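Structural characterization, general
Here's the letter readout for the chains.
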Amino acid sequence: MLHQYFEKPRVLRGIESATVESYLDSFAQELDGVGFAREHIRNQLRAAAHLCVWAGKQRVNVEGLSEDLISRFRLHLPQCQCPGPKSGRSSLVVGWAQRFVEHLRRIGVLPAVIVSSKEARPVLLQEFLTWMRQHRGVGEASLRRYEYHLVDLLDCLGDDPIRFTAQKLRGFVQQQSRNYSSTGGTKKLFTAVRMFLRYLTIEGKCPAELNYALPALAGWSQQGVPRCLPAADVETLIAACDPTDKRVGMRDRAILLLLARLGLRAGDIASLRLPDISWPLATIRVSGKGQREALLPLPQDVGDAILTYLEFGRPHVESDHIFLRCCAPFRPFAHGGPVSLIVRRTFLRSGIKSPSLGSHILRHSVASEMLRQGTPLYGIATVLRHRSIETTTIYAKVDLKLLREVAQPWPEVLR
C-alpha cells in the first residue's frame, strides 16, 4: 500500500530494511482507515520515513524508538541533511513522527507507555473502579468523576480504610465542599465518597458503620420549574443545521433530532452503533445509565436524517459507531461532551435565547411537550427511561397555563 502514495518513492531513500517498509505500509493502512486525505497520508509517511532514516544513522532500529529519541529528532530537524525530500520541516513533522511511534505501540512493535508511579492510581481505587464497572454497570464518565474526588480522599486519609473514621471523613467532605459554589458539585462529592464507603463495607475492608458516617446533604427536590424550550424554538434550533452540508450539517441535524424527538442523553448518542437501528421495525436500541438497554420507536424524520447522514455525510471508515468526528482522524466520540458542544454551537448560531445551552434542555423539552399533549407520566417515564416514576413527577409542574386555570384564589381576610 505504501507505493500507492509515491510513484517515485524517494521517501524510501536511505531505508534498507524490508521490515521498516512493512511498518510504513502498516502505518499507511491505518491512516487510510481513519479517513485521512491522500496528501495528509503522504506527509505523515514522509515524516515517519525521515524518523526511520535518521534513527538508523544513530544506530537505533525501529524497535528502539522512544520518547527521548523523538526529542532528539526534534533538535535534528533545523539542520537536517538526510536524503529524500526536505519539505515540511516544522513542528508538524514531529507530531507526524510521534503518530508513527504510537502506531508501532498499537501493533505491538514497541512496548506500551508505562505510567509513572506518581500518576498511577492507588490499587484500592483501581479495585473500586473495576467493581463499579462490573457489578454496577457504571459508565466511564461517572467513573472519572468518582476518581477525581477519591484521589483527593486517599491522599488526605491514606489508602488503608481500616484507619478511616467518621470524624476524618466528615472533615474531608467539609473541607472539599468549600471548593464548590453550587449544591450540585457538593452532591457529586458526597455521592463519590458514599459509593466508595459502600464498596469498602461490602468487601469487608472497613467497619460497616462507616457507611453511615456522612449525613444527608440538605436539599429540596422539585423546588424549581424544569427549564425547557417552546416547541417553536426546538424546530428553529433543528432548522439551524444546514442539511446540504455533508461534512457537518447532516450529522448535527440527525443528532439534534434524536435529542429533540426521543429525549436521549448526550452519552446515549455518543455510544449509538449501526446494529442498534432496526430499519424494518423502525426501532432504535439505546444503552443508557447502568448499561440498561431500551428499545424505542424511530420517528420518520429522525430515521430519514440518520439515513441521509449515513449515505452522504458519514466518512467511510472501519467503525460501527453511527456518529463520527467531522475531521480526520474520523473516530467516534469518546463521550457525550462533543454532543453537548454541537448543541451549544447550534444554539449560538440560531440566536435562540435559552436558559441553558446544553443538550439536556432538549430532554426536558421532550417531556414537557409530551405532558402538554396529554401523555401520562408513566408514558413519559418509558420514553425517558426513568427507573422510578418519582423522577418523572417533576414534569407535572411544567404546564403553567393549565395550572393557572385550576388554581384557586388566595383567601382574603375581610375586615
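A few points on the structure.

Concerning the packing of helix H2 (residues 38–57) against helix H3 (residues 67–76)
Contact geometry for H2 and H3: axes closest at 11 Å, N-to-C directions at 100°. The orientation of H2 with respect to H3, classified from their angle, is roughly perpendicular. Contacts between H2 and H3 involve Ala47, His50, Leu51, Trp54 and Ala55 from the former and Leu69, Ile70, Arg72, Phe73 and His76 from the latter. Grouping the amino acids of the contact of H2 with H3 by side-chain chemistry returns seven nonpolar, two polar and one charged.

With respect to the environment of Arg46
By the element assignment, Arg46 lies in helix H2. Sequence-wise, Arg46 and Leu24 are 22 residues apart; in three dimensions their C-alpha atoms are separated by 9.6 Å.

Some details on the packing of helix H10 (residues 249–262) against helix H12 (residues 300–313)
For any two helices packed against each other, the geometry is given by the interaxial angle and the distance between the axes. Taken N-terminus to C-terminus, the directions of H10 and H12 make an angle of 155°; their axes are 9 Å apart at the nearest point. As summarised for this structure, H10 and H12 are arranged roughly antiparallel, according to the angle between their axes. Of the two possible hands of crossing, H10 and H12 adopt the one that is left-handed. Every residue of H12 that contacts H10 at Met250, Arg251, Arg253, Ala254, Leu257, Leu258 and Arg261 is listed here: Asp301, Val302, Ala305, Ile306, Thr308, Tyr309, Phe312 and Gly313. Grouping the amino acids of the contact of H10 with H12 by side-chain chemistry returns nine nonpolar, two polar and four charged.

Observations concerning helix H5 (residues 123–135)
Look at H5: 18 Å from first C-alpha to last across 13 residues, which is about the 18 Å you get at 1.5 Å a residue. Buried within H5 are the following residues: Leu124, Leu125, Phe128, Leu129, Trp131 and Met132. Down the axis of H5, the buried side of the element spans an arc of 160°, and every buried residue falls inside it. Opposite its buried face, H5 presents the exposed residues Val123 and Gln134, each directed more than 90 degrees away. In this fold, the buried residues of H5 make contact with helix H6 (140–157) and helix H8 (183–202). A positive phi of about 65° marks Gly137, the residue just after H5.

Calculation criteria
Residues numbered from 1 in each chain as written. Predicted model: local features only at pLDDT ≥ 70, side-chain atom pairs only at ≥ 80, totals over all residues. Heavy atoms only, no water. Axes fitted to C-alpha atoms, helices over the stretch in contact; angles between N-to-C directions. Helix = DSSP H or I, 4+ residues; strand = E, 2+ residues; numbered from the N terminus. Parallel < 35°, antiparallel > 145°, perpendicular 65-115°, else oblique. Contact = heavy atoms within 4.5 Å. Nonpolar A, V, L, I, M, F, W, Y, C, P; charged D, E, K, R; others polar. Left-handed = near helix turned anticlockwise from the far one by under 90°. Expected span 1.5 Å × (residues − 1). Buried < 20%, exposed > 50% of the residue type's maximum accessible area, 1.4 Å probe, protein only. Arc of directions from axis to C-beta.

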